[in-house]
Amino acid sequence: MPFIHTPDASASDKTASMYASAESNYGYLPNMYRAFGHRPEVMENWGALLSSIRSHMSPRRYELVTLAAAKELKSSYCMLAHGSVLLREGFTNDGLAAVANDTEKAPIDAVERAVMAFAAKVVRDATSVTQQDVDGLKKHQLTDAEIFDITAAAAARCFFSKMLDALGAAPDHVYAERLDPSLRKALTVGRPVTGLA
């Protein structure tokens, strides 16, 4: 249960529209949409921001950056959600668990490893990021624009993950139902998944 009452679809036309669209896309109403039920325009603007950030990145890079940020934020919801996307993008259960548990030993390349480490540092303490960190990414042939995109994706995740956790939005039941138990355990870095052991 969330920490605040979340409205049903009768709250407003915008809430009803947001819920209906989410149910159409997912096949159920994700808890993240319920959390924004009082302010559907915030979710709409979040979606626009996210779309603008993602439009300049490959899906795989975006998801790996987001996973690194979510892990640093201890966001089970976002780890499970974006881990599920990476499974659809071709990761195996074991490969994804390795990414979640120990990026240094994960089946990703050196550029992806550097990008994830940078994203984690942005989330952990952005004031600790130095020119040397940025130059390290440039050694992997990343451009200033690509470094901006990685930073934006990591920083934006802080807003969304913290909103969900602060409001008590539990990870959706589908992650308990659809993910392998050992993978689910690896991706559950904060709030537990309820519904299945």
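Nothing here was measured: the structure is a model prediction, and the numbers come from that model. (Residues numbered from 1 in each chain as written. Predicted model: local features only at pLDDT ≥ 70, side-chain atom pairs only at ≥ 80, totals over all residues. Heavy atoms only, no water.)

**Points about the packing of helix 4 (residues 59–73) against helix 5 (residues 76–88)**
Packing of helix 4 against helix 5 leaves a shortest axis separation of 9 Å and a crossing angle of 155°. Between helix 4 and helix 5, the interaxial angle falls into the category roughly antiparallel. Every pair of crossing elements has a handedness; the one defined by helix 4 and helix 5 is left-handed. On helix 5, the residues touching Arg60, Tyr62, Glu63, Leu64, Thr66, Leu67, Ala70 and Lys71 of helix 4 are Cys78, Met79, His82, Gly83, Val85 and Leu86. (Axes fitted to C-alpha atoms, helices over the stretch in contact; angles between N-to-C directions. Helix = DSSP H or I, 4+ residues; strand = E, 2+ residues; numbered from the N terminus. Parallel < 35°, antiparallel > 145°, perpendicular 65-115°, else oblique. Left-handed = near helix turned anticlockwise from the far one by under 90°. Contact = heavy atoms within 4.5 Å.)

**What about the domain arrangement of the chain?**
By domain assignment, the chain separates into domain 1 (8–54) and domain 2 (58–185). For domain 1 versus domain 2, the separation of C-alpha centres amounts to 23 Å. Roughly 1,300 Å² of surface becomes buried between domain 1 and domain 2 when both sides are summed, with 73% attributable to carbon and sulfur atoms. Sorting the residues of domain 1 by area buried against domain 2 places Tyr28, Trp46 and Ile53 first, and these three jointly supply 43% of that buried surface. Scanning the region where domain 1 abuts domain 2 turns up 0 salt bridges. Across the domain 1-domain 2 interface, the total number found is 5 residue pairs in polar contact (both at pLDDT 80 or more). (Domains from an automatic or database assignment. Buried area = accessible area lost by both parts, 1.4 Å probe. Salt bridge = Lys/Arg side-chain N within 4 Å of Asp/Glu carboxyl O. Polar contact = N/O pair within 3.5 Å; in protein donor to acceptor, adjacent residues only side chain to side chain.)

**As for the state of the cysteines**
For the coordinates displayed, the defined rule picks out 0 disulfides. Its sulfur unpaired, cysteine 78 is 10 Å from the next cysteine sulfur, which belongs to cysteine 158. On the basis of relative accessibility, which here comes to 18%, the residue cysteine 158 falls in the buried class. (Disulfide = S-S within 2.5 Å. Buried < 20%, exposed > 50% of the residue type's maximum accessible area, 1.4 Å probe, protein only.)

**So, helix 9 (residues 144–166)**
With 23 residues, helix 9 should reach 33 Å at 1.5 Å per residue; the first-to-last C-alpha distance of 33 Å fits that figure. In the stretch just after helix 9, glycine 168 is the one whose phi turns positive, near 75°. (Expected span 1.5 Å × (residues − 1).)

**Topic: the environment of asparagine 31**
Tracing the backbone shows asparagine 31 in helix 2 (residues 31–35). For asparagine 31, a relative accessible area of 23% puts it in the partly exposed group. Distance from asparagine 31 to lysine 74, taken between C-alpha atoms, is 17 Å for residues 43 residues apart in sequence. Among residues more than four places away in sequence, those in contact with asparagine 31 are Tyr77, Ala169, Ala170, Pro171 and Asp172.

**Considerations on the environment of serine 10**
Here serine 10 is to be found in the segment before helix 1 (13–26). Sequence-wise, serine 10 and arginine 61 are 51 residues apart; in three dimensions their C-alpha atoms are separated by 38 Å. Within the structure, the side chain of serine 10 is placed 2.4 Å from the side chain of aspartate 8, a separation counted as a polar contact.

**A few points about the UniProt feature "domain: Carboxymuconolactone decarboxylase-like" (unreviewed entry) in the chain**
Residues annotated by UniProt as "domain: Carboxymuconolactone decarboxylase-like" (unreviewed entry) correspond here to residues 40–119. With 78% helix and 0% strand, residues 40–119 has end C-alpha atoms that lie 28 Å from one another. (UniProt positions renumbered as here; feature names shortened; annotations may be inferred.)

**As for the side chain of histidine 82**
Within the element layout of this structure, histidine 82 appears in helix 5. Among the polar contacts made by the side chain of histidine 82, one reaches the side chain of glutamate 63 at a distance of 2.5 Å. Among all residues touching histidine 82, those that are not within four sequence positions of it are Tyr62, Glu63, Thr66, Leu67 and Arg157.

**Focus: the nonpolar core**
In terms of nonpolar packing, the biggest core is built from 64 residues, with Met43, Val65, Val99, Phe160, Leu164, Tyr175 and Leu187 touching the most fellow members. Here the element with the most residues in this core is helix 9; it accounts for 9 residues. Viewed by domain, this core spans two of them, domain 1 (8–54) and domain 2 (58–185), each represented by three or more residues. Ignoring sequence-local partners within four residues, the contact set of leucine 187 consists of Ser76, Met79, Leu80, Gly83, Leu96, Ala100 and Leu179. (Core = buried A, V, L, I, M, F, W, Y, C linked by side-chain atoms within 4.5 Å.)

**Examining helix 5**
With 13 residues, helix 5 ought to run about 18 Å at 1.5 Å a step, and its terminal C-alpha atoms sit 18 Å apart, in line with that. Along helix 5, the residues classified as buried are Ser76, Tyr77, Cys78, Met79, Leu80, Ala81, His82, Gly83, Ser84, Val85 and Leu86. Lining the buried residues of helix 5 we find helix 2, helix 4, helix 6 (93–101), helix 9, helix 10 (173–178) and helix 11 (181–187). After helix 5 finishes, the residue glycine 90 shows a positive phi value of roughly 115°.

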